[in-house]
Amino acid sequence: MRIVRDYQFTTQADRGASVAIGNFDGVHIGHRAVIDLARRAARDLNAPLGVLTFEPHPRELFAPDAPPFRLTGTEARAHRLDKIGVDILYELTFNPALASLSPQDFATRVLAQGLGARHVVVGADFHFGAKRAGTIQMLKDFGKDLGFGVTIADLVAEDSEEVSSTAIRNALSDGRPRDAAAMLGHWHRIEGPVIRGDQRGRDLGYPTANMSIAGLHQPKFGVYAVLVDVLTGPHKGSYHGAASLGLRPQFNGETPNLETYVFDFKGDLYGETLSVALVDYLRPEAKFDSLDALVAQMDADCAQARTLLAHDLQAHTPQNPA
């Protein structure tokens with residue numbers, strides 16, 4: 001998958017795609033529906049499949065002091081889009097100049113002149129241009145004038161609930177990772193490099209891989225059964241584990257992070273990139289009377305996580321998230 005970050009500097013190979021447009025935070029099943037329609041148009045046109053999104057997320061520009069809300073970081077989103085077969089990711093820099101384009105200028109300069117889009121697919125709630133003034137009907141009219149087709153994707157519902165990034169965030173905040181996964185179409189994953197921690201877990205017999213969750217929506221703090229994909233380094237592969245997400249109250253932590261104990265693993269993961277999938281919420285964070293009590297609870301957590309992951313997980317079937 002090629003990544004293009006400036007619509008004003010594209011090569012011939014970057015032009016002429018069938019393009020799905022949106023923020024695609026989480027790449028949930030509603031996003032997949034939009035992308036699949038663009039994929040169908042790409043096949044009909046013998047064109048590349050493109051996705052147009054923005055970095056940073058527009059909300060980060062307009063509400064910089066809002067709490068972290070993103071389900072996926074930039075690299076994790078790109079990884080997911082690559083995994084589902086996107087050929088070109090137009091990850092345009094969202095700045096005041098781009099935000100100030102009128103709907104007609106956005107359609108003309110970005111879609112037609114910049115990307116040379118042959119077809120565009122958007123969701124039914126799509127707006128574009130300065131102050132979100134552009135409507136779906138305007139996009140269709142611009143497409144007729146500028147030479148690209150337009151398809152509108154219906155909103156997707158899961159168990160009568162409209163699938164949205166907001167609904168997924170709510171499920172994660174409530175400690176319902178499986179409900180979030182049903183809307184995502186895959187497990188909710190936290191992806192990033194392993195950073196050095198205080199190494200207390202090693203002293204307790206539970207060495208953990210520590211990861212930052214800065215800038216991401218914070219799921220409910222507590223202990224989870226997890227799937228772990230090591231994406232880089234000599235230990236690349238898939239593992240099971242248990243993870244603690246939160247502030248580490250036993251040690252008076254102040255910055256939330258994710259600490260993952262990988263089952264049956266020996267090796268050094270510092271600096272490697274991990275993708276940790278939240279599968280089941282086991283319990284809230286707690287402060288124990290002693291380290292022995294903490295270790296006893298960690299023993300129980302790991303035993304429960306092993307059981308759940310071994311007997312209640314079919315992660316790679318169409319009915320279950322991957």
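Just so it is clear, the model here is predicted, and its values are computed rather than measured.

(A) Region of the structure containing the sheet that holds strand β9 (residues 188-193). Here six strands make up an open sheet; going across it, the order is β9-β14-β11-β12-β13-β10 and the pairing antiparallel. Only two strands of the sheet have a single partner each, and these edge strands are β9 and β10 (209-212). Direction aside, the axes of adjacent strands within the sheet are offset by 35° on average. Examined bridge by bridge, strand β11 (residues 222-230) and strand β14 (residues 273-283) share eight bridges and lie antiparallel to one another. Counted as the bridge partner of V226 is L278 from β14. Sitting on the sheet, helix α10 (residues 291-311) is in contact with β11, β12 (237-246), β13 (257-262) and β14, with an inclination near 100° to β14.

(B) Main features of helix α8 (residues 177-184). Turning to α8, its buried residues are P177, A180, A181, M183 and L184. Viewed along the axis of α8, the buried residues span an arc of 160°, placing them on a single side of the element.

(C) Structural detail: the side chain of E272. Looking at the secondary structure, you find E272 in the loop between β13 and β14. A polar contact is formed between the side chain of E272 and the backbone nitrogen of G233, at a distance of 3.4 Å. Each residue touching E272, except ones within four places of it in the same chain, is listed here: G192, P193, V194, T232, G233 and P234.

(D) Region of interest: the pairing of β12. As paired strands, β11 and β12 are joined by nine bridges and run antiparallel to one another. Looking at β12, one finds that L227 is bridged to H240. Between β11 and β12, which follow one another and run antiparallel, lie six residues, and G233 among them has a positive phi close to 90°.

(E) Seen up close, the packing of aromatic side chains. Tallied over the entire structure, the rule returns nine aromatic pairs. Relative to F128, the ring of F126 lies with its centre 5.6 Å away and its plane at 10°, an arrangement referred to as stacked. Classification of F126 as buried rests on a relative accessible area of 12%. On the basis of relative accessible area, F128 is assigned to the buried category, the value being 4%. Aromatic side chains Y224 and Y281 sit 5.1 Å apart centroid to centroid with 75° between the ring planes, which places their arrangement in the edge-to-face category. On the criterion of sequence distance, the pair formed by Y224 in strand β11 and Y281 in strand β14 is long-range, its members being 57 residues apart. A single burial state applies to Y224 and to Y281, both of which are buried.

(F) Examining the sheet that holds strand β1 (residues 2-4) more closely. Pairing is parallel across the open sheet formed by six strands, whose spatial order is β1-β4-β3-β2-β5-β6. Strand pairing shows two members of the sheet lacking a second neighbour, β1 and β6 (149-153), which therefore form its edges. On average, each strand axis in the sheet is inclined to that of its neighbour by 25°, with strand direction left out of account. In the sheet, β1 pairs with strand β4 (residues 88-93) via three bridges, with the strands oriented parallel. Bridge pairing in β4 links R2 to I88. Relative to β6, helix α6 (residues 136-146) is tilted by about 155°, and along the sheet it contacts β5 (119-123) and β6.

Conventions used here
- Residues numbered from 1 in each chain as written.
- Predicted model: local features only at pLDDT ≥ 70, side-chain atom pairs only at ≥ 80, totals over all residues.
- Heavy atoms only, no water.
- Pairing = 2+ DSSP bridges.
- Helix = DSSP H or I, 4+ residues; strand = E, 2+ residues; numbered from the N terminus.
- Axes fitted to C-alpha atoms, helices over the stretch in contact; angles between N-to-C directions.
- Contact = heavy atoms within 4.5 Å.
- Buried < 20%, exposed > 50% of the residue type's maximum accessible area, 1.4 Å probe, protein only.
- Arc of directions from axis to C-beta.
- Polar contact = N/O pair within 3.5 Å; in protein donor to acceptor, adjacent residues only side chain to side chain.
- Phe/Tyr/Trp six-rings, centres within 6.5 Å; stacked < 30°, edge-to-face > 60°.

By themselves, these observations are geometric and do not establish any function.
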